[in-house]
Amino acid sequence: RKEVEQDPGPFNVPEGATVAFNCTYSNSASQSFFWYRQDCRKEPKLLMSVYSSGNEDGRFTAQLNRASQYISLLIRDSKLSDSATYLCVGTQDNYGQNFVFGPGTRLSVLP
Amino acid sequence: EPEVTQTPSHQVTQMGQEVILRCVPISNHLYFYWYRQILGQKVEFLVSFYNNEISEKSEIFDDQFSVERPDGSNFTLKIRSTKLEDSAMYFCASSESSGTKGEQYFGPGTRLTVT
């Protein structure tokens, strides 16, 4: 079964903290990975793609380890507006079209 | 900034009725998708559509479901005879390409309630 698993959460952190999310995937054929965030009862919104070499976008850093089938997301200097559910996503197959979503990890950044 | 739009935002229907959910993908995107999310559960893939045909579908996407691109802008999901368990949020998404550059952009969703 092609699954994406995430830390169960929830994570409650103070403003300014650094928080790390972990994700593992079982389908070695998955080629592409993404992090999305989802606010309550809203659509998933793309946060960033995850590249094999690792990539950074402002306060956000994503890492991919294909050998361990492991993905991470690091948020530095967390803001109140970062409070959301973070979804780890992998593609189902080599064609990279059909997303398999993890269950998400809920983050609450507290003042 | 271009975005995916969906209508209606909320649809209430009786069990056994047909519903059509509508989506307008981002205009230069070539790949279209439907996902659903039952309340409190994870987002699940239903179907992908490319070049006017279904590329892939999940086991959820049975004979009760169909998709169509009736014109150059709309992409629809039809459920022929709704069941209580079809109650969920349905998200449409589109992408410019697939593979490593295949970021998918999601619409705001249609909340379907089957009574």
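Refer to the preceding data block for the structure.
Residues numbered from 1 in each chain as written. Chains lettered and ligands numbered in written order. Predicted model: local features only at pLDDT ≥ 70, side-chain atom pairs only at ≥ 80, totals over all residues. Heavy atoms only, no water.

(A) Region of interest: the overall build of chain B. Across its full length, chain B holds 0 helices and 11 strands. When the helices and strands of chain B are placed in sequence order, the string is β-β-β-β-β-β-β-β-β-β-β. The globule rule puts the C-alpha radius of gyration for 115 residues at 13 Å, and the 13 Å found for chain B is close to it. Here the C-alpha coordinates of chain B stretch approximately 40 × 30 × 30 Å along the principal axes. A separation of at least 24 residues holds for 55% of the contacts in chain B among residues at least 6 apart in sequence. Between the mean site of the 10 positive side-chain charges and the mean site of the 15 negative ones, chain B shows a separation of 3 Å. (Helix = DSSP H or I, 4+ residues; strand = E, 2+ residues; numbered from the N terminus. Rg over C-alpha atoms; globule rule 2.2 N^0.38 Å. Contact = heavy atoms within 4.5 Å. Lys, Arg positive; Asp, Glu negative; His and termini not counted. Charge placed at Lys NZ, Arg CZ, Asp CG, Glu CD.)

(B) Representation of the sheet that holds strand β1 (residues 4-6) of chain A. All names here are of chain A. Taken in spatial order, the 5 strands make up an open sheet running β1-β3-β8-β7-β6, and their pairing is antiparallel. Strand pairing shows two members of the sheet lacking a second neighbour, β1 and β6 (55-57), which therefore form its edges. On average, adjacent strands in this sheet sit at an angle of 20 degrees to one another, irrespective of strand direction. Bridge count for strand β3 (residues 19-25) against strand β8 (residues 70-75) is 6 bridges, and the pairing is antiparallel. Within the sheet, the bridge partner assigned to C23 lies in β8 and is I71. (Pairing = 2+ DSSP bridges. Axes fitted to C-alpha atoms, helices over the stretch in contact; angles between N-to-C directions.)

(C) Up close: the side chain of Q104 of chain B. By the element assignment, Q104 of chain B lies in the loop between β9 (88-95) and β10 (105-106). Given the relative accessible area of 0%, Q104 of chain B is considered buried. Those residues within four positions of Q104 of chain B in sequence are excluded, and the remaining contacts are Y36, Q97 and F99 of chain A together with Y33, Y35, A93, S94 and S95 of chain B. (Buried < 20%, exposed > 50% of the residue type's maximum accessible area, 1.4 Å probe, protein only.)

(D) Seen up close, the interface of chain B and chain A. Residue-level contacts link 25 residues of chain B with 23 residues of chain A. With both chains or domains summed, chain B and chain A bury close to 2000 Å², and 48% of this area falls on carbon and sulfur atoms. For the salt bridge of K42 of chain B with E3 of chain A, the shortest nitrogen-to-oxygen distance reads 3.1 Å. One can count 7 residue pairs in polar contact (both at pLDDT 80 or more) joining chain B with chain A. The residue inventory of the side of chain B that touches chain A, partitioned by class, reads 11 nonpolar, 9 polar and 5 charged. (Buried area = accessible area lost by both parts, 1.4 Å probe. Salt bridge = Lys/Arg side-chain N within 4 Å of Asp/Glu carboxyl O. Polar contact = N/O pair within 3.5 Å; in protein donor to acceptor, adjacent residues only side chain to side chain. Nonpolar A, V, L, I, M, F, W, Y, C, P; charged D, E, K, R; others polar.)

(E) Structural detail: the sheet that holds strand β3 (residues 19-24) of chain B. All names here are of chain B. Across the sheet, 4 strands lie side by side as β1-β3-β8-β7; this open sheet has antiparallel pairing. Because the sheet does not close on itself, it has two edges, and the strands there are β1 (5-7) and β7 (65-68). The mean inter-strand angle of the sheet, taken between neighbouring strand axes irrespective of direction, is 20 degrees. When β3 meets strand β8 (residues 75-79), the two strands line up antiparallel, connected through 5 bridges. Within the sheet, the bridge partner assigned to L21 lies in β8 and is L77.

(F) Region of the structure containing the pattern of salt bridges. Residue and element names in this part refer to chain A. Taken as a whole and assessed by the stated rule, the structure comprises 6 salt bridges over all chains. Notably, a salt bridge pairs E56 with R76, separated by 3.6 Å at the nearest N-O pair. Of this pair, E56 sits in strand β6 while R76 sits in the loop between β8 and β9 (84-91), and the two are 20 residues apart along the sequence. On the accessibility criterion, R76 (27% relative accessible area) is partly exposed. The partner of D82 in a salt bridge is R59, and the shortest N-O contact between them spans 2.8 Å. Of the two residues, D82 sits in the loop between β8 and β9 while R59 sits in the loop between β6 and β7 (60-65), which places them 23 residues apart along the sequence.

It is worth stressing that arrangement in space is one thing and function is another; only the former is reported here.
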